[in-house]
Amino acid sequence: RVLTTDVGNQASGTGDGQLIIWFPPLTGGEYPSFDAVPYCKLDVTLPTAQSILIRNDEVFVAAARGDVYVYEIGSFPTSPDAAGGCGDTDATGAPLADDVERSTFIPAGDHGLATPAGLATAPDGGFYVSSVFTGVINEYDAEGSFVRTVLQPPAGEELGAEPYSTGSPLGIGVDDTGTLYYADIGIVVSADGVGPGDRTGSVRRIRFEDGEPQAPEALADGLEFPDGIGVWLPPG
């Protein structure tokens with residue numbers, strides 16, 4: 001199975017981002033129908049859906065205008081039809097799951113977590129969660145309780161015509177040494193509003209010494225809207 005998120009209409013008052021499950025054979029189909037690829041929408045109420053993280057029998061989804069949610073995989077449809085638990089339809093007539101178990105895992109608001117975006121597994125089995133507009137990455141334990149803030153802008157620094165000196169973390173990832181990587185989209189405030197600046201993005205990493213996070217290091221800068229991170233560990 002493949003899971004995808006859709007940010008939805010970010011200007012609407014209510015969230016209509018989506019979490020979708022796709023079924024084998026996962027081939028064929030072209031926009032706008034995708035009719036050849038079997039799928040079922042699991043949720044169509046997410047406020048700006050972002051990253052997905054799968055752990056054991058649970059799926060975690062960060063929503064930038066909401067919280068970090070957890071879904072029970074056991075409640076997912078087993079096929080894209082009524083017999084498999086996908087017998088409902090959404091407002092567009094697309095297949096929708098009958099009943100999927102979703103709950104709030106980490107609520108937004110505290111410890112600078114205003115806009116949950118990136119998700120990654122911490123070395124001890126907990127989680128890292130990024131917040132783009134506040135420039136924060138927090139660590140939580142396996143049950144979703146706050147542990148510490150790993151990244152935040154320097155005291156007194158405010159977002160403006162220049163981005164935070166420590167960046168605006170969106171996608172995050174962790175390697176086998178515990179080093180944390182993040183894609184910084186370089187948010188600025190301009191006459192056009194709040195959003196990525198002109199090549200203000202970067203890719204950075206945070207090393208840990210004796211368990212303590214060190215100042216972030218830039219691996220690449222001058223980038224245009226970097227948003228995802230993947231960590232590949234080659235054999236050997």
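Residue positions are counted from 1 within each chain, in the order its sequence is given. Side-chain atom pairs in this predicted model are given and counted only at pLDDT of 80 or more, local residue features only at pLDDT of at least 70, and totals for whole chains, interfaces and linings cover all residues. Only hydrogens and water are set aside; all other atoms, that is, all heavy atoms of the structure, feed into the side-chain values.

J.: Please provide a residue-by-residue account of the pattern of salt bridges, values included.
T.: In the sections that follow, a salt bridge refers to a side-chain nitrogen of Lys or Arg positioned within 4 Å of a carboxyl oxygen of Asp or Glu. Following the criterion strictly, the structure yields eight salt bridges and no others. Among the ionic pairs, Arg 102 bridges to Asp 43, the shortest N-O distance being 2.7 Å. One end of the pair, Arg 102, is in strand β9 (residues 102–106); the other, Asp 43, is in strand β3 (residues 39–46), and 59 residues separate them in sequence. Type-normalised accessible area, obtained with a 1.4 Å probe on protein chains alone, sets the label of each residue: buried when under 20%, exposed when over 50%, and partly exposed for intermediate values. Looking at Arg 102, the relative accessible area reads 34%, which means it is partly exposed. Comment: elements are numbered from the N terminus, with helices defined as DSSP H or I runs of at least four residues and strands as E runs of at least two.

J.: Residues and numbers for the nonpolar core, please.
T.: Side chains of nonpolar character tend, in soluble globular proteins, to be buried together. Judged by nonpolar contacts, the single largest core of 17 residues is most densely connected at Leu 3, Leu 19, Ile 21, Leu 42, Leu 46, Tyr 71 and Phe 76. Elements with a contribution of two residues or more to this core: β2 (17–22), β3, β5 (58–63) and β6 (68–72). Any pair of residues with heavy atoms lying within 4.5 Å of one another is described as a contacting pair. If near-sequence neighbours (up to four positions away) are discounted, Phe 76 is found in contact with Leu 3, Ile 21, Leu 42, Val 59, Tyr 71 and Val 100. By nonpolar core is meant a set of buried Ala, Val, Leu, Ile, Met, Phe, Trp, Tyr and Cys residues that side-chain atoms within 4.5 Å join together. Ranked by size, the runner-up nonpolar core spans twelve residues in total, among them Ala 62, Ile 106, Leu 119 and Tyr 140.

J.: Tell me about the sheet that holds β6, and please be specific about residues and values.
T.: Strand order in the open sheet formed by four strands is β4-β5-β6-β9, with antiparallel pairing between adjacent strands. Strands with a single pairing partner mark the edges of an open sheet, and in this sheet they are β4 (49–55) and β9. Strand after strand, the sheet turns through a mean of 30° between neighbouring axes, direction not considered. DSSP bridges decide pairing: two strands pair if at least two such bridges lie between them. Structural elements are reduced to axes, namely lines fitted to C-alpha atoms, with helices fitted over the stretch in contact, and the angle between N-to-C directions of any two is expressed from 0 to 180 degrees.

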